[in-house]
Amino acid sequence: MNSRQPLPAEPADAPARVPAHHIHSVIDLWLGEQLRRRRKALGRPLQQVALACGISVSLLSQIERGLRSISMRTLEALASELQLPMETLVRNTRHADTQGEVDGAVVRAGAHRRIDLGDKGIHKENLTPPAATGRVEMYRAVIESGGSTGDELFFTHKGEQVGYVIEGQLELFIEDRLLKLQAGDSFCYDGSTPRRWRNPGTTLTTVLWAITRAPLSASASLPPPPTRKGKTP
């Protein structure tokens, strides 16, 4: 006889289900990451936390991956259970009118510019504040399972690009080489190098890219290389 107790139903204010691997919003993704990191730091399993907060394991899993919006009631329950300051979570999803932000030196979570390539399973976020000089740009890409830049190699511009795999897997094709990368791996290449990449795993892949631009003195006399519109780093 099965002695396991059935999981409680999702709260009435829970939003409608959305397709798997569809990032609901950058704010949801950020909140989910904070909750997941805290839960893992405490060594708490998904089922235990979900049961304590009165939600299903599947709902908690989707919240942690940014696939579901979270109601204030559920957020309060999770913050209490995981001993996270509620005011910190809420504050970091809002915009403060400080002089540094007005000058473009700070961009708050949820306000970064986004490029969604839904047909390719890629959600790109430009993390570079407007006040940056332009010599270095920072990007964050969330790649769905099977998401890729396509079957053709592409290149962008001359300049070094450095990447770091935050989570998941990444297959990086650079000319005739195939690199298989895991969470914690970093890599680099020149932006003018033909390449393509994809997520071969069954879970989301998150990659952080730092991109340098070629100095004007080195490129002013040369025509810019052809680029493919809509491409990611």
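Residues numbered from 1 in each chain as written. Predicted model: local features only at pLDDT ≥ 70, side-chain atom pairs only at ≥ 80, totals over all residues. Heavy atoms only, no water.

(A) The arrangement of the layout of surface pockets in detail. Approximately 200 Å³ is the volume found for the second largest pocket. Together, 13 residues line the second largest pocket, and Trp30, Glu33, Glu125, Leu127 and Arg140 are the ones closest to its centre. Of the residues forming the lining of the second largest pocket, the biggest block, five residues, is contributed by helix α1 (residues 26–41). Here the lining of the second largest pocket is built from residues that sort into six nonpolar, three polar and four charged. (1 Å grid on protein atoms, 1.4 Å probe; cavity = no way out; pocket = protein on both sides within 12 Å on 5 of 7 lines; lining within 4 Å. Points joined across faces, edges and corners; volume = space filled by probe spheres on them. Helix = DSSP H or I, 4+ residues; strand = E, 2+ residues; numbered from the N terminus. Nonpolar A, V, L, I, M, F, W, Y, C, P; charged D, E, K, R; others polar.)

(B) Representation of the side chain of Glu64. In this structure, Glu64 sits in helix α3 (residues 57–64). Beyond its immediate sequence surroundings of up to four residues, Glu64 is in contact with Gly32, Glu33, Leu35, Arg36, Arg39 and Leu46. (Contact = heavy atoms within 4.5 Å.)

(C) Highlighting the packing of aromatic side chains. For the coordinates displayed, the defined rule picks out three aromatic pairs. Arranged with centres 5.9 Å apart and planes meeting at 80°, the rings of Phe187 and Trp209 form a pair that is edge-to-face. Taken together, the residues Phe187 in strand β7 (residues 186–190) and Trp209 in strand β9 (residues 205–212) connect sequence positions 22 residues apart. The buried category is assigned to Phe187, whose relative accessible area is 8%. Trp209 sits in the buried class, given a relative accessible area of 0%. Centre to centre, the rings of Trp197 and Trp209 are 5.2 Å apart; their planes meet at 35°, and the pair counts as tilted. Taken together, the positions of Trp197 in strand β8 (residues 195–198) and Trp209 in strand β9 put the pair 12 residues apart, joining distant regions of the chain. Counting every residue linked through ring pairs, the aromatic cluster contains Phe187, Tyr189, Trp197 and Trp209. (Phe/Tyr/Trp six-rings, centres within 6.5 Å; stacked < 30°, edge-to-face > 60°. Buried < 20%, exposed > 50% of the residue type's maximum accessible area, 1.4 Å probe, protein only.)

(D) Structural view of the nonpolar core. Membership of the largest hydrophobic core comes to 18 residues, with the highest contact counts inside it found for Leu35, Ile70 and Leu78. Taken together, the elements giving at least two residues each to this core come down to α1, α2 (46–53), α3, α4 (72–81) and α5 (86–91). Sequence-distant contacts of Leu78, that is, excluding residues within four places in its chain, are made with Leu35, Val49, Cys53, Leu60 and Ile70. (Core = buried A, V, L, I, M, F, W, Y, C linked by side-chain atoms within 4.5 Å.)

(E) View of α2. When we look at burial in α2, the residues that qualify are Val49, Ala50 and Cys53. Here the buried residues of α2 occupy an arc of 100° about the axis, which is enough to place them on one side. In the segment just after α2, Gly54 is the residue with positive phi, at about 75°. (Arc of directions from axis to C-beta.)

(F) Structural view of the packing of α2 against α3. Across the interface, α2 lies against α3 with an axial gap of 9 Å and an inter-helix angle of 105°. Put simply, α2 runs roughly perpendicular to α3. Listed contacts from α3 to Leu46, Gln47, Val49 and Ala50 of α2 are Val57, Leu60, Ser61 and Glu64. For the contact of α2 with α3, the per-class residue count stands at five nonpolar, two polar and one charged. (Axes fitted to C-alpha atoms, helices over the stretch in contact; angles between N-to-C directions. Parallel < 35°, antiparallel > 145°, perpendicular 65-115°, else oblique.)

(G) Up close: the confidence of the model for the chain. When the pLDDT values of the chain are averaged, the result is 78; 74% of them are 70 or greater. Taken element by element, the predicted model of the chain shows its lowest mean pLDDT in helix α7 (residues 216–219) (41) and its highest in strand β5 (residues 169–174) (95). (pLDDT = per-residue confidence, 0-100.)

(H) Spatial organisation of the sheet that holds strand β4 (residues 160–167). Read from one edge to the other, the open sheet built from six strands follows the order β1-β2-β3-β9-β4-β7, with strand pairing classed as antiparallel. Edge positions in the sheet fall to β1 (113–117) and β7, since each of these pairs with one other strand and no more. For this sheet, the mean inter-axis angle between neighbouring strands, taken without regard to orientation, is 20°. Bridge count between strand β2 (residues 122–126) and strand β3 (residues 136–143): five bridges; the pairing is antiparallel. Residue pairing across strands places Asn126 opposite Tyr139, the latter belonging to β3. (Pairing = 2+ DSSP bridges.)

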